[in-house]
Amino acid sequence: MTSILQINSSLFGDRGQSSRLAAEFAAALAKATGGQLVVRDLAANPVPHLTAERVAAFGTPPSTRTVDQQRHVTESDTLIDELRQADVVVLGLPMYNFGVPSTLKAYFDHLARAGVTFRYTSEGPVGLLTGKKVYVFATRGGQYAGTAADLQTAYVRQFLGFIGLRDVEFIYVEGLALGDQQREQALAAAAARIEQLAA
Ligand SMILES: Cc1cc2nc3c(=O)[nH]c(=O)nc-3n(C[C@H](O)[C@H](O)[C@H](O)COP(=O)(O)O)c2cc1C
């Protein structure tokens, strides 16, 4: 059975355009494949920022961890296991102030674990979470795709690739703040793409 992990990062919860589109696609995919859907909402349940203590806990061998360190590692392990179990990841990615939501950055920081999600080799780092497909619903008020001002795409691709998720498809939904006509056009194009992708 296909396991689908939907990750929402809009400030606006289910009402965010990125969450709404990610949900629509994930539900259509689950229906088409008879798959199982898990939803992680990073606005409703934000993960904590990294601290020096957390990073130290990640680097401490299990046998010598304190109770607090083990708690920190378990929180990260839970997020990683959830992702590891997914065959398909559907990410709702709003653009806020030219970047990714800070909640998504905090989440990513819990996923990057040496020896767990990537390892260093003589040829450089190798990602360990392989064999997954990722769809990213990137919603923006303006228009950036394909330009140097799109700082999100390179970052998200680089991070996901680093932990082994290399098959990443972006669906850009842009111009949402550029007037009714552009907004309607962008949303209609997104709906058509969702139908195509889920078929
Ligand atoms: C705090 C905030 C910052 C934003 N910054 C940008 C931005 O830098 N560039 C842009 O094109 N749109 C920006 N927008 C518009 C959002 O990208 C747009 O509303 C998009 O739909 C957000 O996705 P969401 O509805 O899933 O939250 C911003 C919106 C908010 C609320």
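Residues numbered from 1 in each chain as written. Predicted model: local features only at pLDDT ≥ 70, side-chain atom pairs only at ≥ 80, totals over all residues. Heavy atoms only, no water.

Peer 1: Which residues make up helix α6 (residues 180-198), and what are the values?
Peer 2: Given a rise of 1.5 Å per residue, 19 residues ought to cover 27 Å, and the 27 Å separating the end C-alpha atoms of α6 matches this to within 8%. Taken residue by residue, α6 has Ala 186, Leu 187, Ala 190, Ile 194, Leu 197 and Ala 198 as its buried positions. Projected down its long axis, α6 carries its buried residues within an arc of 95 degrees, all on one side. Opposite the buried face of α6, by more than 90 degrees, sit the exposed residues Gln 181, Gln 185, Glu 195 and Gln 196. Its buried side turned inward, α6 meets α1 (17-33), β6 (133-139) and β7 (167-173). (Helix = DSSP H or I, 4+ residues; strand = E, 2+ residues; numbered from the N terminus. Expected span 1.5 Å × (residues − 1). Buried < 20%, exposed > 50% of the residue type's maximum accessible area, 1.4 Å probe, protein only. Arc of directions from axis to C-beta. Contact = heavy atoms within 4.5 Å.)

Peer 1: Just give me the short version of the site of the ligand, but keep the residues and values in it.
Peer 2: Around the ligand there are 16 residues in total, and Ser 10, Ser 18, Met 95, Tyr 96 and Gly 142 lie nearest to it. A distance of 2.5 Å separates an oxygen atom of the ligand from a polar atom in the side chain of Ser 18. Contact between the ligand and Gly 141: a nitrogen atom at 3.1 Å from a main-chain N or O atom of the residue. Notes on the ligand: free accessible area 630 Å², of which the protein chains cover 75%. Residues belonging to the shell around the ligand are distributed by class as follows: seven nonpolar, eight polar and one charged. (Near = heavy atom within 4 Å. Polar contact = N/O pair within 3.5 Å; in protein donor to acceptor, adjacent residues only side chain to side chain. Areas by Shrake-Rupley, 256 points an atom, 1.4 Å probe, with all protein chains shown as cover. Nonpolar A, V, L, I, M, F, W, Y, C, P; charged D, E, K, R; others polar.)

Peer 1: Which residues make up the side chain of Thr 117, and what values do they have?
Peer 2: Within the secondary structure layout, Thr 117 lies in the loop between α4 (102-111) and β4 (118-121). According to the relative accessible area criterion, Thr 117 is buried, its value standing at 0%. The contact partners of Thr 117, leaving out residues within four places of it in the chain, are Ile 80, Leu 111, Ala 112, Val 126, Gly 127, Leu 128, Leu 129, Phe 162 and Ile 163.

Peer 1: Help me get a handle on the pairing of β7, residues and values and all.
Peer 2: In terms of residue burial, β7 counts as a mostly covered element, since five of its seven residues are buried. In terms of handedness, the path from β6 via helix α5 (residues 151-162) over to β7 forms a crossover that is right-handed. (Right-handed = clockwise from strand over helix to strand, strands pointing away.)

Peer 1: Please give an account of the pairing of strand β1 (residues 3-8) that cites residues and values.
Peer 2: The element β1 is largely enclosed, with a buried count of six among its six residues. Of the strand pairs in this sheet, β1 and strand β2 (residues 36-41) are connected by six bridges, and their pairing is parallel. Across the sheet, the residue bridging to Ile 4 is Leu 37, located in β2. You can see the chain leave β1, run along α1 and come back into β2, and the turn it takes is right-handed. Sheet topology places β1 next to strand β3 (residues 88-94); four bridges connect them, and they run parallel. Looking across to β3, one finds that Leu 5 is bridged to Val 89. (Pairing = 2+ DSSP bridges.)

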